[in-house]
Amino acid sequence: YGMDEVFTLTIAYTGTTFSSGFGAIEVRLHSGTAVVSTLSEPYYAYAWWPAKDGDVGVPGDNSDKATLDLTVTTPNNFTVPANGVLQNVQTLSGNRKQYFWTSQYPIATYLVSFAATNYNTWTKNYVHPGGTMPVEFFIYPENDIPSNRAGWEKATDMMATFRPLFGEYPFINEKYGLYNFPFGGGMEHQTMTGQSGFGESLTSHELAHQWWGDAITCETWSDIWLNEGFATYGECLWEEYKTGVQNVSAYLAAIVSRKPSSMNGSVYVPAALTADVGRIFSSNFSYRKGAWVLHQLRHVVGDATFFQILADYRAVYEGSAATTDDFAAVASATYGQDLTWFFDQWVYQIGAPAYRYGWDSVNVEGQEYLHVKIEQTQIVT
């Protein structure tokens, strides 16, 4: 083939899937009924389909995205949630059905997903300035109670809250969906998030990933904070703005509650440590301290510039992937000053200042004053 010549490559394959990593593909039971689900992050899509992906244990490259057609055959009492838009369901012989899903938005390998079991389903519309978009829900029958439905349906309110902060939901021509799956927590599969729970923090975190992780994906696993730190910060922004009026106290309470408990590692995952999945998904460094990097950056540049940085970052990298240096370059350009010092200190290096502080009121010649003492306490090595 010549340079830039377009061709189609078809790979015929068969085989038995296997669980790997977090549980790349597994069959489990919920209330006695089988459920099959996928979770390929970070390296494990190959466990269930012949993916072009990076080698296990190395930083990888998530910028090679593609559109998707996915066909799944199941017993006829099962329903299949997957990425994109459901095009058709065909009835087959042998008490089977075949589901045809497709997505025209570029998707990273590890975000391709499906599940299948006896879901109860319903749909709610997200109303946006350009019209409406379906938000689809797939829940285990035993979890189908009003409070759980209401918890998930808050996703539509969250979309409206995130819209002025992040821009419109990035897959507006397709859908958003939530489905029950066996993994403890959630996974932000593009346009179709798997969740085991129904709480606001989990739902807002996974929804924020649709912008930060899916529309823009961390290029390497060393840069995972661009996914997880951003989504954790999204939880705090939901608390700040969910009433429709900015609530600074709620925001500060949210970010303080996500303070990392350890400072002995960097937000950036060194290449030598990307074979350790637990280090990639470190709650302290990738999630919590990653969120605090954004909290600090917002303070350094100011609110208006901070949200403009997010808009500019999205404009450049949506549909592809970015590194920490890419984000830092956008931040510096938008701010109009070089922020290399900031990212070097808070993303690439380890540690954080520790303080001891106190205060008391003093009266000097009839005038009341507040006397504050702050001391930085950690040992410098």
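Look above for the structure.
The following refers to the structure shown.

The rules we used
Residues numbered from 1 in each chain as written. Predicted model: local features only at pLDDT ≥ 70, side-chain atom pairs only at ≥ 80, totals over all residues. Heavy atoms only, no water. Helix = DSSP H or I, 4+ residues; strand = E, 2+ residues; numbered from the N terminus. Rg over C-alpha atoms; globule rule 2.2 N^0.38 Å. Contact = heavy atoms within 4.5 Å. Pairing = 2+ DSSP bridges. Phe/Tyr/Trp six-rings, centres within 6.5 Å; stacked < 30°, edge-to-face > 60°. Buried < 20%, exposed > 50% of the residue type's maximum accessible area, 1.4 Å probe, protein only. Lys NZ or Arg CZ within 6 Å of the ring centre and 35° of its normal. Axes fitted to C-alpha atoms, helices over the stretch in contact; angles between N-to-C directions. Disulfide = S-S within 2.5 Å. Patch = residues over 30% accessible without salt bridge, like charges linked within 9 Å, V, L, I, M, F, W, Y side chains within 5 Å. Areas by Shrake-Rupley, 256 points an atom, 1.4 Å probe, with all protein chains shown as cover. Salt bridge = Lys/Arg side-chain N within 4 Å of Asp/Glu carboxyl O. Parallel < 35°, antiparallel > 145°, perpendicular 65-115°, else oblique. Left-handed = near helix turned anticlockwise from the far one by under 90°. Nonpolar A, V, L, I, M, F, W, Y, C, P; charged D, E, K, R; others polar.

A separate point is the overall build of the protein. The helix and strand inventory of the protein stands at 9 helices and 15 strands. Since a compact globule built from 381 residues should have a radius of gyration of about 21 Å, the 23 Å found for the protein is in line with a globular shape. Across the protein, contacts joining residues at least 24 apart in sequence account for 62% of those joining residues at least 6 apart.

Right, let's talk about the sheet that holds strand E1 (residues 25-30) for a bit. The 3 strands are arranged E1-E2-E6 in an open sheet whose pairing can be described as antiparallel. One side of each edge strand has no neighbouring strand; the edge strands of this open sheet are E1 and strand E6 (115-116). Bridge count for E1 against strand E2 (residues 33-38) is 6 bridges, and the pairing is antiparallel. When the sheet's bridge partners are listed, Val27 is paired in E2 with Val36.

A few words now on the packing of aromatic side chains. Summed over the entire model, instances satisfying the criterion amount to 41 aromatic pairs. Note on Phe166 and Trp212: the rings are 5.4 Å apart at their centroids and 85° apart in plane angle, and the pair reads as edge-to-face. Taken together, the positions of Phe166 in helix H1 (residues 146-166) and Trp212 in the loop between helix H2 (200-208) and strand E12 (216-218) put the pair 46 residues apart, joining distant regions of the chain. Its relative accessible area of 1% is what places Trp212 among the buried residues. Aromatic pair Tyr313 and Phe327: ring centres 4.9 Å apart, planes at 70°, arrangement edge-to-face. Of this pair, Tyr313 sits in helix H7 (residues 303-317) while Phe327 sits in helix H8 (residues 324-335), placing them 14 residues apart in sequence. No difference in accessibility class separates Tyr313 from Phe327, as the two residues are buried. It is Arg298 that lies over the ring of Tyr251; its NZ or CZ is 4.9 Å from the centre.

The 5 strands lie next to each other as E7-E8-E9-E11-E10, forming an open sheet whose pairing is mixed. With partners counted over all chains shown, the strands left at the sheet margins are strand E7 (120-128) and strand E10 (186-187), one partner each. Summarising the sheet, strand E9 (residues 176-180) and strand E11 (residues 193-195) pair through 3 bridges and their orientation is parallel. In the sheet register, Tyr179 faces E11, and the bridge partner there is Gly194. Lying on the sheet, H1 is in contact with E7, strand E8 (131-139), E9 and E11; it crosses E7 at an angle near 20°. On the sheet, H2 packs against E9, E10 and E11 and is oriented at approximately 160° with respect to E11.

The next subject is the pairing of strand E4 (residues 85-92). Two elements, E4 and strand E5 (residues 96-107), share 7 bridges in a ladder whose sense is antiparallel. Opposite Asn88, over in E5, you have Phe100 as the bridge partner. Between E4 and E5, which pair antiparallel in sequence order, lie 3 residues; one of them, Gly94, sits at a positive phi of approximately 75°.

So, about the state of the cysteines. Counting across every chain of the model gives 0 disulfides. The closest cysteine sulfur to the non-disulfide-bonded Cys218 is located on Cys236, 20 Å from its own sulfur.

Between Glu41 and Pro42 the backbone carries a cis peptide bond, its omega angle lying at -5°. A positive phi angle, near 70°, is found at Asp4, a position not held by glycine. Following the sequence through the fold, Asp4 ends up in the segment before E1. Unusually for a residue other than glycine, Asn95 sits at a positive phi of about 55°.

As a further point, take a nonpolar patch on the surface. A surface patch of nonpolar side chains, about 770 Å² in accessible area, is lined by Tyr355, Tyr357, Trp359, Leu370, Val372 and Ile374. Listed by contribution, the elements that provide at least two residues to the nonpolar patch are strand E14 (355-364) and strand E15 (367-376). Relative to the elements of secondary structure, Tyr355 occurs in strand E14. Judged by relative accessible area, Tyr355 falls into the partly exposed class, the value being 49%.

Evaluated as defined, the whole model comprises 10 salt bridges. Linking Lys242 and Glu239 is a salt bridge whose minimum nitrogen-to-oxygen distance equals 3.2 Å. Of the charged contacts in the structure, one is a salt bridge between Glu318 and Arg314, with a shortest N-O distance of 3.0 Å. It is possible to trace a salt-bridge network through shared partners that takes in Lys154, Glu200, Glu239 and Lys242.

Quick look at the packing of H1 against H2 now. The interhelical angle for the contact between H1 and H2, taken along N-to-C directions, is 50°, at an axis separation of 9 Å. By the criterion of interaxial angle, the relationship of H1 to H2 is oblique. Between H1 and H2 the crossing geometry is right-handed. Two secondary-structure elements touch here, H1 through Gly151, Trp152, Lys154, Ala155, Met158, Met159, Phe162 and Phe166 and H2 through Glu200, Thr203, Ser204, Leu207 and Ala208. Broken down by class, the residue content of the contact of H1 with H2 amounts to 8 nonpolar, 3 polar and 2 charged.

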